[in-house]
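# Observations on chain architecture
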Amino acid sequence: MDGEELTEQETALYDRQIRVWGVDAQRRLSKAHILVSGMKGTVVEFCKNIVLAGIGSLTINDDRPVTEEVLSANFLIPPVESLYGGKSLAELCCDALKEFNPMVRVSVERGDLSSFDGEFYDKFDVVVLSCCSVAYKKLVNEKCRKSSKRIAFYTVNCRDSCGEIFVDLQNYTYSKQTKQKNQLKDMIEVDDPEDLGDPLTAEERGEVHSSALNITKKLDETTECRLQYPSFEEAIAVPWKSLPRRVCKLYFAMRVIERYEIVEGRKTGETLVADLSGVLKLKQEICEAHSLSESHIPDSLLKRLVTSTREFPPVCAILGGILGQEVIKAISGKGDPLKNFFFFDAMDGKGIIEDISHANTGT
């Protein structure tokens, strides 16, 4: 992503955001290549955000046809069946995304991404997966980790009014600005007003204030930080009894539903309200195996997650915005990244970050 400068056209088009995160960050974005699989509502919001931000290219993958469920949260698909022309979800979304920003290359990749070799993934800087199985996530995540370069890996899942984002940045180094105001105070603070001699004129006070502002700017420091991320497989394998007591209940609920789909041979999202009794029974078994109180996974929460598996558009917008923000951080190397799960529940309006890893639990 290094070595090439922004064109005059790019500089003019992205002027406002360059003022926010700088020329270097925008240059990195313009050279970034992102792969997305699973064109559900949350991912569509994410794609819109990063295309508008000015990434280099976006490759999307989803061979499914348009269904009524898809139309409920995917604003890129026109509700006119005659316009589909036998196109897949990815192809229809591709046509719409190109109109958001003609300077971004948007293309479609057909096929099962889990069957592609490592060389295919080497072309990308970021990989985002949605609406796929646990096995699929593990396999693609592993291929990203085996690449000769660091590939940022994300998964996102939205069920009704709840959502989850997982992040794996592997060994990640980033920078952030820190203020040194205490040092400034020590440099200019005077205990006795008489130490200043004669009273200052208004002009002299202005000069002192100006000098103080300049010193503050000079004392701003860029700190280099490092984080070690676990893979998706490592993260969900952390024993529940070793996690802090106040871990978000959504984390456990999502794992129960994933496990139910594996046991029953279901596709992602096929667990419905008719399966609630089986889900609750499995929850009891898993809690016993992990020595975890069943109160950590309320029956009411599981019921909500299986009663309506469709995405809730307002939640899609929130999760898509958060995911876009995190990807921009990962590409630019600026700002504290999310580590390593983010949960959102529209019932209480809270967004919660959880660090689920062996290093964090002390095991």
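Everything below is about the structure shown above.
Quick summary incoming for the structure in this document.

Cut-offs applied
Residues numbered from 1 in each chain as written. Predicted model: local features only at pLDDT ≥ 70, side-chain atom pairs only at ≥ 80, totals over all residues. Heavy atoms only, no water. Pairing = 2+ DSSP bridges. Helix = DSSP H or I, 4+ residues; strand = E, 2+ residues; numbered from the N terminus. Axes fitted to C-alpha atoms, helices over the stretch in contact; angles between N-to-C directions. Patch = residues over 30% accessible without salt bridge, like charges linked within 9 Å, V, L, I, M, F, W, Y side chains within 5 Å. Areas by Shrake-Rupley, 256 points an atom, 1.4 Å probe, with all protein chains shown as cover. Salt bridge = Lys/Arg side-chain N within 4 Å of Asp/Glu carboxyl O. Buried < 20%, exposed > 50% of the residue type's maximum accessible area, 1.4 Å probe, protein only.

On the basis of which strands lie adjacent, the open sheet formed by eight strands has the order 3-2-1-4-5-6-9-10 and mixed pairing. The sheet terminates laterally at strand 3 (105-108) and strand 10 (350-354), the two strands that pair on one side only. For this sheet, the mean inter-axis angle between neighbouring strands, taken without regard to orientation, is 15°. Here strand 2 (residues 57-61) runs beside strand 3; their pairing, made up of four bridges, is parallel. Pairing of Ser 57 across the sheet is with Arg 105, part of strand 3.

Side chains of Leu 52, Phe 75 and Phe 100 sit close together on the surface and give an oily, nonpolar patch of about 250 Å² of accessible area. Examined against the element boundaries, Phe 75 turns out to sit in the loop between helix 4 (68-71) and helix 5 (89-100). A relative accessible area of 39% means that Phe 75 is categorised as partly exposed.

It is worth spelling out unusual backbone geometry at this point. Cis rather than trans, the peptide bond between Lys 339 and Asn 340 has omega equal to -10°. On the secondary structure map, Asn 340 appears in the loop between helix 14 (313-332) and strand 9 (341-345). Although it is not a glycine, Cys 131 sits at a positive phi angle of roughly 45°. Turning to its location among the elements, Cys 131 is positioned in the loop between strand 4 (126-130) and helix 7 (134-145). Overall, Cys 131 belongs to the partly exposed group, its relative accessible area being 25%.

Moving on, we come to the pattern of salt bridges. Counted under the stated rule, the structure contains 24 salt bridges. The closest approach of N and O atoms between Arg 64 and Asp 62, which form a salt bridge, is 2.9 Å. The partly exposed category is assigned to Arg 64, whose relative accessible area is 34%. One salt bridge connects Arg 159 with Glu 261, and the closest N-O pair in it is separated by 3.8 Å.

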